[in-house]
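Fold and contact review
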There are 2 protein chains.
Amino acid sequence: KRRLMPLEPMASRLRFVMEADRLKTVLRGTTLNDASRHENSAEHSWHIMLWALTLAEHSHEAAKIDHVLLMLLLHDIVEIDAGDNPIHRDFDAADVEEQELAAADRLFGMLPPAQRDDFRAIWEEFETAKSVDAVFAKSIDRAQPLICNLESGGGSWREYNVTRAQIDSRVGVKVKRGAPALWFALAPRIDDWFLAETTAS
Amino acid sequence: KRRLMPLEPMASRLRFVMEADRLKTVLRGTTLNDASRHENSAEHSWHIMLWALTLAEHSHEAAKIDHVLLMLLLHDIVEIDAGDNPIHRDFDAADVEEQELAAADRLFGMLPPAQRDDFRAIWEEFETAKSVDAVFAKSIDRAQPLICNLESGGGSWREYNVTRAQIDSRVGVKVKRGAPALWFALAPRIDDWFLAETTAS
Ligand SMILES: [Ca+2]
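Another point: the overall build of chain A. Across its full length, chain A carries 10 helices and 2 strands. The linear arrangement of helices and strands in chain A, starting from the amino end, is α-β-β-α-α-α-α-α-α-α-α-α. Here the C-alpha radius of gyration of chain A, 18 Å, is about what a compact globule of 201 residues would show, namely 17 Å. Taken along its principal axes, the extent of the C-alpha atoms in chain A is 75 × 35 × 30 Å. For chain A, the residues scored as buried account for 55% of the 201 residues in total. Counted over contacts in chain A with a minimum sequence separation of 6, partners at least 24 positions apart contribute 67%. Of the accessible surface of chain A, which amounts to about 8600 Å², a share of 53% is contributed by carbon and sulfur atoms.

Set out below in structure tokens:
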């Protein structure tokens, strides 16, 4: 009398969201602002969605915030298989890309075909970083860890011996491209932090 | 020459998103699916946004998914001050409501006025649970912990000695109202869990 398993497409959708639970166990290079522990990619994803919504007005070009939020919601799912690669740690970009593509195949492939293709397209738009929405989304994804590091006393900057020039080239360029006002708000705080480090050492 | 602090409204927006970091330290009654630790309200918020997007087709009435996501993005922010109140634990509803209203005043009050009012209205729509979008959002917020408990071997059901009838009255009614197909997919698994418990004891 009772159905023991839900029927498709509900069943595959539930398997996908259950698998996604594992993003809560993927740890990032950065910590919470209070430095109490490393941040995971699920809570990071929530946080940058809130950042994007709150700072939407500061996008360089007018972004469709609803679409930006979809990108940020899905952008880190591939890390369930591929892990997080802290931007200041050395890694083989081609290797990471290959792992992330395989992860996208497997994870989005759990969904019904039309939805698989939708989610995959949103993820690829973010990765490609060409559209106005993706450029803004990327700028937010890069800016939030700056605050983690400033608030926690250096965080991954200290861990990976990052220089002020590397912040510009690895992070600043992308934040400025999507949200220049945000970069100009953060840059003086970053300057101060590095100045204090130089003075102290 | 340098601005040491960003200008308004950027400054207040950054203070708000920095304060929001604390939602990552608010622990819920439920655990990760693998039972390794309690879930926090920030990662829970991310997860139910993914649930909602993935299951949007199963909303009882046609929901505007973008608006549902905004509600779920903001719905737990008040817990930074008010804490999470596990649904199966006794609590004074009037007391919780008062704490959450004060939290909404303080937290959304950190934002520029127009944005404060926007965010507050989205949160109130969720709390009131009258609109089609809010009813679907609530159903998802109630359904995800069911999977946490099923996967982790009982979780907060076991901790609070919850009965099958209480699942119906506290959770089932709301899941069914917003996403009946989701409820009918989950109910047999819940029945099985309680049946196994009864047989075992
Ligand atoms: Ca809650």
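Further remarks concern the interface of chain B and chain A. Chain B puts 56 residues into the contact, and the matching count from chain A is 56 residues. Taken over both partners, the interface formed by chain B and chain A buries close to 5000 Å², and the fraction arising from carbon and sulfur atoms is 68%. For the pair chain B and chain A, the interface holds 4 salt bridges. Taken together, the elements giving at least two residues each to the side of chain B that touches chain A come down to helix H1 (10–20), strand E2 (38–40), helix H2 (41–54), helix H3 (65–74), helix H6 (113–128), helix H7 (132–151) and helix H10 (180–200) of chain B. Of the residues contributing to the side of chain B that touches chain A, the split by class is 32 nonpolar, 9 polar and 15 charged.

Another aspect to go through is the pattern of salt bridges. Applying the stated rule across the entire model yields 36 salt bridges over all chains. For Glu39 of chain A, the salt bridge is made with Arg28 of chain A, and the minimal N-O distance between the two is 3.1 Å. With Glu39 of chain A in strand E2 (residues 38–40) and Arg28 of chain A in strand E1 (residues 27–31), this pair connects stretches of sequence that are 11 residues apart. Where Glu151 of chain B meets Arg189 of chain B, a salt bridge forms, and the shortest distance between an N and an O atom there is 3.0 Å. Placement of the pair is Glu151 of chain B in helix H7 and Arg189 of chain B in helix H10, with a sequence separation of 38 residues. Judged by its relative accessible area of 25%, Arg189 of chain B falls in the partly exposed class. A single network of salt bridges, built from pairs that share partners, joins Asp21 and Lys24 of chain A together with Arg28, Glu39 and Asp84 of chain B.

Turning our attention to the coordination of the calcium ion. Residues and elements named next belong to chain B. Coordination of the calcium ion by the protein comes from Asp76 (OD) and Glu79 (OE), over a distance range of 2.6 to 2.7 Å. A residue is classified by how much of its surface remains accessible, and Asp76, at 6% relative accessible area, is buried. For Glu79, a relative accessible area of 6% gives the class buried.

A few words now on the pairing of E1 of chain A. A regular strand places its side chains on the two faces of the sheet in alternate fashion. All names here are of chain A. Burial runs high along E1: 4 of the 5 residues are buried. Bridging between E1 and E2 involves 2 bridges; their strand directions are antiparallel. Paired with Leu27 across the bridge in E2 is Asn40. Hairpin connection between E1 and E2: a loop of 6 residues separates the two successive antiparallel strands, and Ala35 in this loop has a positive phi of roughly 65 degrees.

Here the focus is helix H1 (residues 10–20) of chain A. Counting buried positions along H1 of chain A gives 10 out of 11 residues, so the element sits mostly inside the fold. Regarding H1 of chain A, the residues found buried are Met10, Ala11, Ser12, Arg13, Leu14, Phe16, Val17, Met18, Glu19 and Ala20 of chain A. Residues of H1 of chain A that are buried sit in contact with helix H4 (79–82), helix H5 (93–108) and helix H6 (113–128) of chain A together with H2, H7 and H10 of chain B.

On to the packing of H3 of chain B against H7 of chain B, then. Residues and elements named next belong to chain B. Taken N-terminus to C-terminus, the directions of H3 and H7 make an angle of 55 degrees; their axes are 9 Å apart at the nearest point. Relative to H7, the element H3 lies oblique. Considering only the axes of H3 and H7, their crossing is right-handed. Across the interface between the two elements, Ile65, His67, Val68, Met71 and Leu72 from H3 touch Asp133, Ala134, Phe136 and Ala137 from H7. Of the residues contributing to the contact of H3 with H7, the split by class is 7 nonpolar, 1 polar and 1 charged.

What follows concerns the side chain of Asp84 of chain B. Residues and elements named next belong to chain B. Residue position: Asp84 is located in the loop between helix H4 (79–82) and helix H5 (93–108). The class of Asp84 is buried, set by a relative accessible area of 14%. Once you skip the residues sitting within four places of it in the chain, Asp84 turns out to touch Val26, Leu27, Arg28, Gly29, Ser41, Glu79 and Arg89.

This next bit is on the relation of the copies chain B and chain A. Overlay of chain B on chain A (RMSD 0.0 Å): rotation 180 degrees, translation along the axis 0.0 Å. One copy is carried onto the other by what is essentially a two-fold rotation axis. Residues of chain B ranked by C-alpha distance from the rotation axis are headed by Glu43 of chain B, positioned 2.1 Å from it. Take the interface residues of chain B: 100% of them recur as interface residues in chain A, which is what a same-surface contact looks like.

This part takes up the environment of Leu23 of chain A. Looking at the element boundaries, Leu23 of chain A is found in the loop between H1 and E1. Exposure remark for Leu23 of chain A: the relative accessible area of 0% places this residue in the buried category. Beyond its immediate sequence surroundings of up to four residues, Leu23 of chain A is in contact with Asn40, Ser41, Ala42, Ser45, Asp76, Ile77, Glu79 and Ile80 of chain A together with Trp46 of chain B.

Residue and element names in this part refer to chain A. Positionally, Asp76 belongs in the loop between helix H3 (65–74) and H4. Buried and unpaired, Asp76 has no salt bridge, with Arg28 as the nearest side chain of opposite charge at 4.3 Å. One polar contact links Asp76 to His75, side chain to side chain, over a distance of 3.1 Å. Residue contacts for Asp76: discarding those within four places in its chain leaves Leu23, Arg28, Ser41, His44 and Ser45.

Reading the values: rules and limits
Residues numbered from 1 in each chain as written. Chains lettered and ligands numbered in written order. Predicted model: local features only at pLDDT ≥ 70, side-chain atom pairs only at ≥ 80, totals over all residues. Heavy atoms only, no water. Helix = DSSP H or I, 4+ residues; strand = E, 2+ residues; numbered from the N terminus. Rg over C-alpha atoms; globule rule 2.2 N^0.38 Å. Buried < 20%, exposed > 50% of the residue type's maximum accessible area, 1.4 Å probe, protein only. Contact = heavy atoms within 4.5 Å. Areas by Shrake-Rupley, 256 points an atom, 1.4 Å probe, with all protein chains shown as cover. Buried area = accessible area lost by both parts, 1.4 Å probe. Salt bridge = Lys/Arg side-chain N within 4 Å of Asp/Glu carboxyl O. Nonpolar A, V, L, I, M, F, W, Y, C, P; charged D, E, K, R; others polar. Donors = N, O, S within 2.8 Å, 3.2 Å for Na, K, Ca; no water. Pairing = 2+ DSSP bridges. Axes fitted to C-alpha atoms, helices over the stretch in contact; angles between N-to-C directions. Parallel < 35°, antiparallel > 145°, perpendicular 65-115°, else oblique. Left-handed = near helix turned anticlockwise from the far one by under 90°. Least-squares fit on C-alpha atoms with pLDDT ≥ 70 in both. Lys, Arg positive; Asp, Glu negative; His and termini not counted. Polar contact = N/O pair within 3.5 Å; in protein donor to acceptor, adjacent residues only side chain to side chain.

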